[in-house]
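# Architecture and fold: a report
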Amino acid sequence: MIFIKDEAIVLRKSEVGDKDLSITVYTKTLGKENIYVKGAQIIKHPFLPVLQPFNWFKGVLIRYKEKLYIKEIDKSYNLAYNYTKDLDKLKTAIWILETFDKYTLFPDKNMFTFLKKTLYFLSKTNNLENYKLSFVIKYIYLYGIFPMISKCIKCEIDINSSNFAKFSFKKRGSICKKCSKDKKTDLTYNQILDINKLLKKDLKEIDKINIKNPESLINKLTKYLESETSL
Ligand SMILES: [Zn+2]
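So, here's what we can say about the structure. (Residues numbered from 1 in each chain as written. Predicted model: local features only at pLDDT ≥ 70, side-chain atom pairs only at ≥ 80, totals over all residues. Heavy atoms only, no water.)

This part takes up the overall build of the chain. Along the chain, the regular secondary structure elements total 5 helices and 8 strands. Helices (α) and strands (β) of the chain occur, in sequence order from the N terminus, as β-β-β-β-β-α-α-α-β-β-β-α-α. Once the C-alpha set of the chain is aligned to its principal axes, its extents read approximately 65 × 40 × 25 Å. Within the chain, the fraction of its 231 residues that count as buried is 48%. Sequence separation of 24 or more characterises 56% of the internal contacts of the chain that already satisfy a separation of 6 or more. Total accessible area on the chain is roughly 13100 Å²; 52% of this is exposed by carbon and sulfur atoms. In the chain, the 43 positive side-chain charges and the 26 negative ones have mean positions that sit 4 Å from each other. (Helix = DSSP H or I, 4+ residues; strand = E, 2+ residues; numbered from the N terminus. Buried < 20%, exposed > 50% of the residue type's maximum accessible area, 1.4 Å probe, protein only. Contact = heavy atoms within 4.5 Å. Areas by Shrake-Rupley, 256 points an atom, 1.4 Å probe, with all protein chains shown as cover. Lys, Arg positive; Asp, Glu negative; His and termini not counted. Charge placed at Lys NZ, Arg CZ, Asp CG, Glu CD.)

This is the structure:
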């Protein structure tokens, strides 16, 4: 039996029979794990309020015969608490949690902190589209698959509005006019500037940045994420 002090964020839960629960969490040191909680569906179970999606908790976990259990919970906080009554924000939070759950495979402390921060600061934003877009951009960056946007992937010259020929998701970056025969591009030069801008800004500072059609960028980047992470 191994005792592990850790922090976790609940990604989803599923009921097992009438009494038990299985939750999927992302923990700071172990990454994504399933935790089985016996009797957790019983109203009086002490862990029940904490085992819902969006909850962050700190406690002691036990690893026993390959399985993970909760020994104790010392502290907990619902990261979505401040916007439980704001349906649009809640929908955005669900999308963030599902996207994170779908693509995150490995333990990564920075990813953990990023998810915690993103869910928490969602309460402060007034621009949900920019927020979603920032999430995907920063997520791709943390994942280590951020494309080379500021330099040409072939000759490494700095890309600017006059030498930019195209951007290719497949080739993971921008290509200058000297290195490309065609101009068939996945992103416009302005979209590249937008991505760069949001990458550099903190999540608390993105509300007033004017992005043209953020939804189209969110879709393109999510597709890129999908293609880069599928095995
Ligand atoms: Zn070039």
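Right, let's get into the pattern of salt bridges. Throughout the structure, instances matching the rule amount to 11 salt bridges. A salt bridge links Lys 117 to Asp 202; the nearest nitrogen and oxygen atoms lie 3.3 Å apart. Taken as a pair, Lys 117 in helix 2 (residues 109-121) and Asp 202 in the loop between helix 4 (189-200) and helix 5 (214-229) lie far apart in primary sequence, 85 residues in all. Taking the relative accessible area as the measure of exposure, Lys 117 reaches 32% and is therefore partly exposed. Because the salt bridges share partners, they merge into one network encompassing Glu 7, Lys 28 and Lys 116. (Salt bridge = Lys/Arg side-chain N within 4 Å of Asp/Glu carboxyl O.)

A separate point is the nonpolar core. As a rule of thumb, nonpolar side chains are buried together in soluble globular proteins. Ranked by size, the top nonpolar core spans 53 residues in total, and within it Leu 115, Leu 119, Leu 133, Tyr 139 and Leu 221 carry the most contacts. Among the elements that line this core, the one with the most residues is helix 3 (residues 128-143), at 8 residues. Of the domains in this structure, domain 1 (2-78) and domain 2 (125-146 + 187-229) are the two that each give at least three residues to this core. Setting aside its immediate chain neighbours within four residues, Leu 119 contacts Ile 9, Phe 54, Leu 79, Tyr 83, Ala 93, Ile 96 and Leu 97. In this structure, Ile 4, Phe 47, Leu 48 and Phe 57 belong to the second largest nonpolar core, which totals 17 residues. (Core = buried A, V, L, I, M, F, W, Y, C linked by side-chain atoms within 4.5 Å. Domains from an automatic or database assignment.)

Where helix 3 meets helix 4, the axes come as close as 9 Å, and the angle between the chain directions of the two elements is 80°. In terms of orientation, helix 3 lies roughly perpendicular with respect to helix 4. Residues Asn 130, Leu 133, Ser 134, Ile 137, Lys 138 and Tyr 141 of helix 3 form the contact with helix 4, whose participating residues are Ile 195, Leu 198 and Leu 199. Classifying every residue of the contact of helix 3 with helix 4 gives 6 nonpolar, 2 polar and 1 charged. (Axes fitted to C-alpha atoms, helices over the stretch in contact; angles between N-to-C directions. Parallel < 35°, antiparallel > 145°, perpendicular 65-115°, else oblique. Nonpolar A, V, L, I, M, F, W, Y, C, P; charged D, E, K, R; others polar.)

Further remarks concern the sheet that holds strand 8 (residues 173-176). Taken together, 3 strands build an open sheet; the order of strands is 6-8-7 and the sheet is mixed. Of all the strands in the sheet, the pair left with one neighbour each is strand 6 (148-152) and strand 7 (164-168). In this sheet, neighbouring strand axes are inclined to one another by 25° on average, regardless of whether the strands run parallel or antiparallel. Strand direction decides the pairing type here: strand 6 and strand 8, joined by 2 bridges, are parallel. Residue pairing across strands places Cys 152 opposite Ser 174, the latter belonging to strand 8. Seen against the sheet, helix 4 touches strand 6, strand 7 and strand 8 and runs at an angle of roughly 120° to strand 6. (Pairing = 2+ DSSP bridges.)

Moving on: a nonpolar patch on the surface. Taken together, the side chains of Met 1, Phe 3 and Tyr 64 make up a nonpolar region of the molecular surface, amounting to roughly 360 Å² of accessible area. Take Phe 3: it is sitting in strand 1 (residues 2-16). (Patch = residues over 30% accessible without salt bridge, like charges linked within 9 Å, V, L, I, M, F, W, Y side chains within 5 Å.)

Before going further, it helps to spend a moment on the coordination of the zinc ion. Looking at the zinc ion, one finds its protein donor set to be Cys 152 (SG), Cys 155 (SG), Cys 176 (SG) and Cys 179 (SG), positioned 2.3 to 2.4 Å from the metal centre. Note that the zinc ion binds 4 donor atoms; their angles at the metal cover 103 to 116°, and the shape is tetrahedral. Mapped onto the sequence, the residues coordinating the zinc ion show the spacing C-x2-C-x20-C-x2-C. Here Cys 155 is found in the loop between strand 6 and strand 7, whereas its partner Cys 179 is found in the loop between strand 8 and helix 4, with 24 residues between them in sequence. By relative accessible area, which is 26% here, Cys 179 ends up partly exposed. (Donors = N, O, S within 2.8 Å, 3.2 Å for Na, K, Ca; no water. Tetrahedral: all angles 85-135°; square planar, octahedral: opposite > 155°, others 65-115°.)

Scope: geometric values only; no functional claims are made or implied.
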